[in-house]
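# Remarks on the overall topology
For reference, the chains in residue letters:
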Amino acid sequence: ASSFSEEFRGIDIREVERLTNTANAYTYGGSFRALWQHYFNAARSTKLELYTSYAYSQGRFNDSLPLPFSAAHTIKAGATLVVKRFSIHTRGLWRTATINARGTGNPAFWVLQAYANCRVVQTRNKAFGIDVFVRVRNLLDARYFNTTLSNPILLRQVPQDPIRVTAGLRLVFDAGQP
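Figured I'd write up the structure that's included with this text. All chains use their own residue numbering, which begins from 1 and follows the written sequence. pLDDT decides what is reported in this predicted model: residues at 70 or higher carry local features, side-chain atom pairs at 80 or more are listed and counted, and totals for whole chains, interfaces and linings draw on all residues regardless. Side-chain metrics in this entry use all non-hydrogen atoms of the structure; hydrogen atoms and water are not considered.

Next up on the list: the pattern of salt bridges. Pairs may arise between side chains of opposite charge once their charged atoms sit close together. Salt bridges, as used here, are contacts in which a Lys or Arg side-chain nitrogen is within 4 Å of a carboxyl oxygen on Asp or Glu. Enumeration according to the criterion identifies three salt bridges in this entry. Here Arg-119 ties to Asp-131 by a salt bridge, and the two come within 2.4 Å at their closest N and O atoms. Remark: Asp-131 occurs in strand 11 (residues 128-137) and Arg-119 occurs in strand 10 (residues 109-122); sequence separation between them is 12 residues. Judged by its relative accessible area of 0%, Asp-131 is buried. For Asp-131, the salt bridge identified is with Arg-170, shortest N-O distance 2.6 Å. Residue Asp-131 is found in strand 11, and its partner Arg-170 is found in strand 12 (residues 164-173); the two are separated by 39 residues along the sequence. Each member of the salt-bridge network shares a partner with another, and the members are Arg-119, Asp-131 and Arg-170. Under the DSSP-based scheme used, a helix requires at least four consecutive residues in state H or I and a strand at least two consecutive residues in state E, with every element numbered from the N terminus. Exposure is judged per residue with a 1.4 Å probe applied to protein chains only, and the accessible area is read against the type maximum: over 50% gives exposed, under 20% gives buried, and values in between give partly exposed.

See below:
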């Protein structure tokens, strides 16, 4: 901060801080995604869908330090099964370890999600429906952390969601698709 003496809308300004970015960062990487689906009947009421994706991200910070807060490898995969008015979905995410500017970070982690949905009411013209659903986040109750601050003491104080189960009813208008 530098010494300063001006006024802004009647308020004395005594200090001004100017931030400048003097570092260089170089990043590179890539990703791909694959999706496969198969319908088991002509009415397309029974379907299996599988997907996966992979992302690679790497780089350097100030010509020597690895990029902070960046996982080099991320893999996502999931499956969906739809049978008439019932559907079940599962998806997983695996991410390699990350570091922050002080060399600490979070270890690699694996998180699994699940979701099931059933259309229990649907009008003949399919303009309205009622679904019952259940969602489980972090199905395996993984203890993972996202590196958000450079303070290693605070890192363990910001865990992500523990296992969480939610259920409910959903009102669907224009309910042509379950």
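By convention, a stacked pair of Phe, Tyr or Trp rings (six-membered ring in the case of Trp) has centres within 6.5 Å and planes under 30 degrees apart, an edge-to-face pair has planes over 60 apart, and any other such pair is tilted. Under the counting rule described, the total for this entry stands at three aromatic pairs. Ring geometry for Tyr-115 against Phe-133: centres 6.0 Å apart, planes inclined by 25°, an arrangement best described as stacked. Residue Tyr-115 is located in strand 10, and its partner Phe-133 is located in strand 11; the two are separated by 18 residues in the primary sequence. A ring has a charge above it when a Lys NZ or an Arg CZ is no more than 6 Å from the ring centre and no more than 35 degrees off the ring normal. Just above the ring of Tyr-39 sits the side chain of Arg-44; from NZ or CZ to the centre is 4.1 Å.

Our focus in this paragraph is the environment of Asn-24. Note on placement: Asn-24 falls in the loop between strand 2 (11-16) and strand 3 (25-39). Overall, the relative accessible area of 42% leaves Asn-24 in the partly exposed class. By definition, residues are in contact when any of their heavy atoms lie within 4.5 Å. The contact partners of Asn-24, leaving out residues within four places of it in the chain, are Arg-60, Phe-61, Asn-62 and Asp-63.

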